[in-house]
Amino acid sequence: MNPPAASLTAGSLFSIRRTLIAKLPNNFDSQLLQAVSSEILQTVSTNKEINSVVFDLSNITTIDRFDLDALHDVMKAVKLVGARIGLCSIGPGIAALIVNSGIHLPHQAAGHDIQDTMDLLH
Amino acid sequence: MTTSIPKVSVAGEHSAEELMRLYRIQPSHLEVIRGMRDQARPRINGVIEHFYQWMGEHPAMMAFFESEESMLHVRKMQTVYWERFLDANVDAEYLRDRRRIGEIHARIGLPVMFYIGAINMVYDELKGIARDLTKQETNKQSPIHLEEMDQSLAGLIHLDAGLICQSFVDKRDQLLHEQSQAVMAMSTPVTEIWDGILLLPIVGIIDSRRSEDIMNAVLDAIKHSKAKEFILDISGVGVVDTAVANYLISITKATALMGCRSTISGISPAISKTIIQLGIETDDVNTTSTMMDALGESFANRGLTIKRGSKGKK
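Here goes a summary of the coordinates provided. Counting from 1, residues in each chain are numbered in the order their sequence is written. To label them, take the chains in the order written and letter them from A, then take the ligands in the order written and number them from 1. Residue-level local features of this predicted model are given only where pLDDT is at least 70; pairs of side-chain atoms are given and counted only at 80 or more, and the full residue set underlies all totals for whole chains, interfaces and linings.

For the rest of this paragraph, the subject is the overall build of chain B. On a plain count of helices and strands, chain B comes out with 12 helices and 5 strands. Counting other C-beta atoms within 10 Å of a residue's own tells you its class, since 20 or more makes it buried, 12 or fewer makes it exposed, and anything in between is partly exposed; those C-beta atoms are placed from the backbone. Here chain B holds 314 residues, and 28% of them are scored as buried. Remark: residues whose backbone-derived C-beta atoms lie within 7 Å of one another are considered to be in contact. Counting contacts in chain B only where the partners sit at least 6 residues apart, residues at least 24 apart contribute 81% of the total. Helix and strand assignments follow DSSP, with helices taken as H or I runs no shorter than four residues and strands as E runs no shorter than two, numbered in order from the N terminus.

So, in structure tokens, the structure goes:
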């Protein structure tokens, strides 16, 4: 049984300077994303210092279409509250899968790692 | 991530017991062959002699013997082969020996058709020996009938032929697999030409399979090199179809997701027209007319400048 979403998000959300980093676990599902989404949106809207969110996908080795759509929705929502969006550490398989699925993620930057993406965003 | 022809090995997967069941060989059949052994063994040389006479009538087969020396060696091996056959001791070692022969046939490129022809010829000779033996057996109290001998010989000959042919096919599949890997490596030579800059020049025909190989090779190279720039030069490509054009664009999008900016250089007028006529979205695709321009851009993006040194002055 998966641990409650809240406990997963607690360890996977942290900020570096003005960027909020969301490190997604490999086994994330729409319920977890929902919790992450709420937390990110809350943080971005209450903490005016945060101007960008980087989604770290380094742990993701597989993802299905349903969860990819859910991630897409989370990113769109984050963009709507005014944060710039970055992606980092996407593996070859996930990159090919995202492109082949035809989904256009609304990110402004994609980098090899967190620092790389933050450099591109700022 | 890489796609390739799967490696196949069927001959090595079965035990002696399984193969005996498959070819309906009973222990009694092997006993019958062993019963022939003492009288058949002195005639093996004669059988091989007939075999070479028969082969002399088929010059295409003779072409597989490089010299008199190699023919003598093969002849010796054939004697060992048929002696082992008459020992009829079908165990793991026996199967290994038969598989090895199939591999040798595959390596020298001996057509299966010739091998089966040769086996058929020797089978006829062995049946002749069996006939002679049954004539002698009629005086015994419990003679072995010709039908039983024939069934025993046929079972083991077919098992041998099956193993050798399967091993031949396995070896050829393995060679094809290795060649395919080598061709793929040559057809997608993704090279880090400078720190953080990957280059892939493509020459020839691109089909969907090759496009997929290219994407896999490029994404893997980005993962390992952490490159920031990727140049795909297609000046050596004449035409592309819808699927391939889409793939090329997809490659640039996938590399971008991994933090690597792509440039496609050398798009020919024909390919350019194809891409537009197909309605493929190209707004996000960075292109240059030549590889040199693409290199210049990539160097600039990496903060590098190219200067002519003193030795390069005219």
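Moving on, we come to the pairing of strand β3 (residues 229–236) of chain B. Residue and element names in this part refer to chain B. Where burial is concerned, most of β3 is hidden: 6 out of the 8 residues are buried. Remark: the strand β2 (residues 197–203)/helix α9 (residues 208–225)/β3 crossover connection has right-handed handedness. Two strands are said to pair when DSSP picks up at least two bridges between them. Relative to strand β4 (residues 261–265), β3 runs parallel, the two being bridged by 5 bridges. When the bridges of β4 are listed, Glu229 appears paired with Arg261. Orient the strands so they point away from the viewer; a crossover is then right-handed if the path from the first strand over the helix to the second runs clockwise. Each parallel crossover has a hand, and the one from β3 via helix α10 (residues 242–257) to β4 is right-handed.

With that settled, the discussion passes to the interface of chain A and chain B. Contact residues are listed per partner, giving 14 residues for chain A and 14 residues for chain B. Elements that contribute at least two residues to the side of chain A that touches chain B include exactly α4 (92–101) and β5 (109–111) of chain A. When residues of the side of chain A that touches chain B are assigned to their parent elements, the largest contribution, 7 residues, is made by α4(A). Across the side of chain A that touches chain B, the residue classes tally to 8 nonpolar, 5 polar and 1 charged. Gly is placed with the polar residues, together with every amino acid not listed as nonpolar (Ala, Val, Leu, Ile, Met, Phe, Trp, Tyr, Cys and Pro) or charged (Asp, Glu, Lys and Arg).

Take unusual backbone geometry next. A positive phi angle, near 50°, is found at Arg17(A), a position not held by glycine. Inspection of the secondary structure puts Arg17(A) in the loop between β1 (13–16) and β2 (19–23). Backbone geometry places Lys226(B), a non-glycine residue, at a positive phi of 55°. Mapped onto the elements, Lys226(B) comes out in the loop between α9 and β3. Taking the number of C-beta atoms within 10 Å as the measure of exposure, Lys226(B) has 16 and is therefore partly exposed.

It is worth spelling out the sheet that holds strand β1 (residues 191–194) of chain B at this point. All names here are of chain B. Strand order in the open sheet formed by 5 strands is β1-β2-β3-β4-β5, with mixed pairing between adjacent strands. The open sheet has two edge strands, β1 and β5 (286–288), and neither has a second partner. Each adjacent strand pair in this sheet contributes to an overall mean axis angle of 30°, direction not counted. Across 3 bridges, β4 lies against β5 in parallel orientation. Each axis is a line fitted through C-alpha atoms, and for a helix only the stretch in contact is used; angles between axes span 0 to 180 degrees, taken between their N-to-C directions.

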